[in-house]
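Each chain, letter by letter, is given below.
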Amino acid sequence: EAQVTQNPRYLITVTGKKLTVTCSQNMNHEYMSWYRQDPGLGLRQIYYSMNVEVTDKGDVPEGYKVSRKEKRNFPLILESPSPNQTSLYFCASSPPGAYEQYFGPGTRLTVT
Amino acid sequence: DQQVKQNSPSLSVQEGRISILNCDYTNSMFDYFLWYKKYPAEGPTFLISISSIKDKNEDGRFTVFLNKSAKHLSLHIVPSQPGDSAVYFCAASASDYKLSFGAGTTVTVRA
């Protein structure tokens, strides 16, 4: 089944404790992206990647890192999480030349 | 500053009637528009899209209308069904495949 998977789905952590949210897609898509969803703000792009080893900042990149060493994986790294990073996170991917993005099921992160 | 705005946070409609969701944008460079649907505990799923060279696109019960001069688009769902109860996001792109999303409209279809 073609899909985008994220792990973990739920995470509660404390301020300053490094964490990684994994994202993997099995559709051989070149474009991958991370979003956060907050009430009243919709989805805002954190980082995106046009292809392996090519990443760029989205609208809200502060406090986040990403890497794209393989085509299928695009992990999101929070080196020192803070409470304002409490949010619902989505990974997405799309094939070349397509606007439609396929989203993962989401990761709900709480930072206390 | 949000470039895509959905000014109605919620919409309640009777089953069988029409649902109309509205979306406004400010960036005149946007040339492709999409609607996504999201159920609780799931990721958004693509619903329908429209290119700026068109003013209407239909797919079954879903129709999207684009008014470029007004920088406005709308999604019509006819007839509305209970399974349409979800959050709907409007999104726009300026040929760079980056999507800018609105805040979403929660649709509730009443039986």
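Check the entry above for the structure.
Residues numbered from 1 in each chain as written. Chains lettered and ligands numbered in written order. Predicted model: local features only at pLDDT ≥ 70, side-chain atom pairs only at ≥ 80, totals over all residues. Heavy atoms only, no water.

**Overview of the overall build of chain B**
- From N to C terminus, chain B includes zero helices and 11 strands.
- The C-alpha radius of gyration of chain B comes to 13 Å, within 12% of the 13 Å expected for a compact globule of 111 residues.
- Across its three principal directions, the C-alpha atoms of chain B cover 40 × 25 × 20 Å.
- Burial statistics for chain B: of 111 residues in total, 44% are counted as buried.
- Nonlocal contacts in chain B, meaning residues at least 24 apart in sequence, comprise 53% of its contacts between residues at least 6 apart.
- Averaging the locations of the 11 positively and 10 negatively charged side chains of chain B gives two centres separated by 3 Å. (Helix = DSSP H or I, 4+ residues; strand = E, 2+ residues; numbered from the N terminus. Rg over C-alpha atoms; globule rule 2.2 N^0.38 Å. Buried < 20%, exposed > 50% of the residue type's maximum accessible area, 1.4 Å probe, protein only. Contact = heavy atoms within 4.5 Å. Lys, Arg positive; Asp, Glu negative; His and termini not counted. Charge placed at Lys NZ, Arg CZ, Asp CG, Glu CD.)

**With respect to the overall build of chain A**
- When its secondary structure is counted, chain A shows zero helices and 11 strands.
- Across chain A, helices and strands are ordered from the amino to the carboxyl terminus as β-β-β-β-β-β-β-β-β-β-β.
- Dimensions of chain A, computed from the C-alpha atoms along their principal axes, are close to 40 × 30 × 25 Å.
- Every one of the 112 residues in chain A was classed for burial, and the buried ones make up 51%.
- Residue pairs at least 24 apart in sequence account for 52% of intrachain contacts in chain A once pairs closer than 6 positions are excluded.
- Of the accessible surface of chain A, which amounts to about 5,300 Å², a share of 51% is contributed by carbon and sulfur atoms.
- Counting 12 positive and 10 negative side-chain charges, chain A places the averaged centre of each group 7 Å from the other. (Areas by Shrake-Rupley, 256 points an atom, 1.4 Å probe, with all protein chains shown as cover.)

**Quick word on the environment of Arg108(A)**
Residues and elements named next belong to chain A.
- Relative to the assigned elements, Arg-108 resides in strand S11 (residues 107–111).
- Through-space distance from the C-alpha of Arg-108 to that of Pro-8 is 8.4 Å; in sequence the pair is 100 residues apart.
- Once you skip the residues sitting within four places of it in the chain, Arg-108 turns out to touch Arg-9, Tyr-10, Leu-11, Ser-87 and Leu-88.

**Quick word on the sheet that holds strand S1 (residues 4–7) of chain A**
- One open sheet accounts for four strands, arranged S1-S3-S8-S7 (chain A); its pairing is antiparallel. Two strands lie at the open edges of the sheet, namely S1 and strand S7 (65–66) of chain A, each paired on one side alone. (Pairing = 2+ DSSP bridges.)

**Here we look at the layout of surface pockets**
- Roughly 280 Å³ of internal volume is contained in the largest pocket.
- As for the largest pocket, its lining consists of 17 residues, and the residues nearest its centre are Tyr102(A), Phe103(A), Gly104(A), Pro44(B) and Thr45(B).
- At the level of elements, S1 and strand S10 (102–103) of chain A together with strand S5 (45–51) of chain B are the ones that each hand at least two residues to the lining of the largest pocket.
- Each residue belonging to the lining of the largest pocket can be placed in one class, and the counts come to eight nonpolar, six polar and three charged.
- Of the voids in this model, the second largest pocket is the one considered here, and its volume is about 230 Å³.
- If you trace the second largest pocket, you find 14 residues lining it, with Arg44(A), Asp59(A), Asp1(B), Gln2(B) and Gln3(B) closest to the centre.
- Of all the secondary structure elements, the ones that give two or more residues to the lining of the second largest pocket are strand S5 (42–51) of chain A together with strand S10 (100–101) of chain B. (1 Å grid on protein atoms, 1.4 Å probe; cavity = no way out; pocket = protein on both sides within 12 Å on 5 of 7 lines; lining within 4 Å. Points joined across faces, edges and corners; volume = space filled by probe spheres on them. Nonpolar A, V, L, I, M, F, W, Y, C, P; charged D, E, K, R; others polar.)

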